[in-house]
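What follows is each chain in one-letter form.
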Amino acid sequence: MPYYKWCGVNMNAQILSGVSFARSHNELGPMLFGRDISLISGKQTNAWRYRRAYSLASIITMFRQLASLVQSGLQLPHALRTLAKRLPRSHLQEIVYAISADIDEGFSLSQSLEQYTWLFSPIMINMVRVAEQTGNIGVGLDALSNYLESVQHFRRRMTGVLLLPTLTLCFFLFIAG
């Protein structure tokens, strides 16, 4: 999914510019119009500049909410759109909208996630693929959320465990020096 550097005007005749995530140049205009911005010009730009690292906590929250929506009976594309509306305006929201559009076009969730390997790890993608194959996407997304929470907990514990010896060593060097 490409990024577009755009220039537009809002309803107050203010010139605005920015970078947005869109499927094509043709979809950029309607997307900005939904934000009350009329597109003046838009040019595709390198995506790597705008890729942000998202915290594991935000990814866990996203998968946990998606699991809840799917388990409550919503179809996956509708659940993704509902989830995207709940997210704050960010690139993550745009990615979720793009994944929803991919699913509307006939791609599976795992195939859609594969386009964002900088955001979703191979184990996340494979756990979603297994959930699709078993037919229990809601349960699989919940299991993925549980797995990611255990990874997050492990990282926090390791940070804490490694922090104490490091601080002790620094204190010792300060005293000895």
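Residues numbered from 1 in each chain as written. Predicted model: local features only at pLDDT ≥ 70, side-chain atom pairs only at ≥ 80, totals over all residues. Heavy atoms only, no water.

*Asks:* I tried to follow the overall build of the protein on my own but got confused; where do I start?
*Replies:* The helix and strand inventory of the protein stands at seven helices and three strands. For the protein, the succession of helices and strands along the chain, N to C, is β-β-α-β-α-α-α-α-α-α. With the principal axes as the frame, the protein shows a C-alpha extent of 65 × 50 × 25 Å. Put simply, the protein has 177 residues, and 35% of those count as buried. (Helix = DSSP H or I, 4+ residues; strand = E, 2+ residues; numbered from the N terminus. Buried < 20%, exposed > 50% of the residue type's maximum accessible area, 1.4 Å probe, protein only.)

*Asks:* What should I look at first to understand the side chain of N10 in this one?
*Replies:* Within the secondary structure, N10 sits in strand β1 (residues 3-10). Given the relative accessible area of 17%, N10 is considered buried. Within the local environment of N10, its side chain forms a polar contact with the backbone nitrogen of N12, the two atoms lying 3.0 Å apart. A polar contact of 2.9 Å, which involves the side chain of N10, links it to the side chain of Q14. Sequence-distant contacts of N10, defined by excluding residues within four places in its chain, comprise L16, D36 and I37. (Polar contact = N/O pair within 3.5 Å; in protein donor to acceptor, adjacent residues only side chain to side chain. Contact = heavy atoms within 4.5 Å.)

*Asks:* Whenever I open this one, empty space enclosed by the protein confuses me. Can you help?
*Replies:* If a probe the size of a water molecule is rolled over the atoms, the empty space left behind becomes visible. Under the definition given, this model contains one cavity of 30 Å³ or more. Computed from the structure, the largest cavity encloses a volume of approximately 50 Å³. Along its surface, the largest cavity is lined by M62, F63, L66, L80, L83, V96, I99, L109 and L113. Looking at the lining of the largest cavity, the elements that each hand over two or more residues are α2 (56-71), α3 (76-86), α4 (91-104) and α5 (109-113). The leading source of residues in the lining of the largest cavity is α2, at three residues. (1 Å grid on protein atoms, 1.4 Å probe; cavity = no way out; pocket = protein on both sides within 12 Å on 5 of 7 lines; lining within 4 Å. Points joined across faces, edges and corners; volume = space filled by probe spheres on them.)

*Asks:* Please clarify how the packing of helix α6 (residues 122-134) against helix α7 (residues 137-176) should be interpreted in this entry.
*Replies:* The relative placement of two packed helices comes down to the angle between their axes together with the axis-to-axis distance. With their axes 8 Å apart at the nearest point, α6 and α7 run at an angle of 155° to one another. By the angle between their directions, the pair α6 and α7 is classed as roughly antiparallel. When the axes of α6 and α7 are compared, the crossing they make is right-handed. On α7, the residues touching I123, M124, M127, V128, A131 and E132 of α6 are I137, G140, L141, A143, L144, Y147 and L148. (Axes fitted to C-alpha atoms, helices over the stretch in contact; angles between N-to-C directions. Parallel < 35°, antiparallel > 145°, perpendicular 65-115°, else oblique. Left-handed = near helix turned anticlockwise from the far one by under 90°.)

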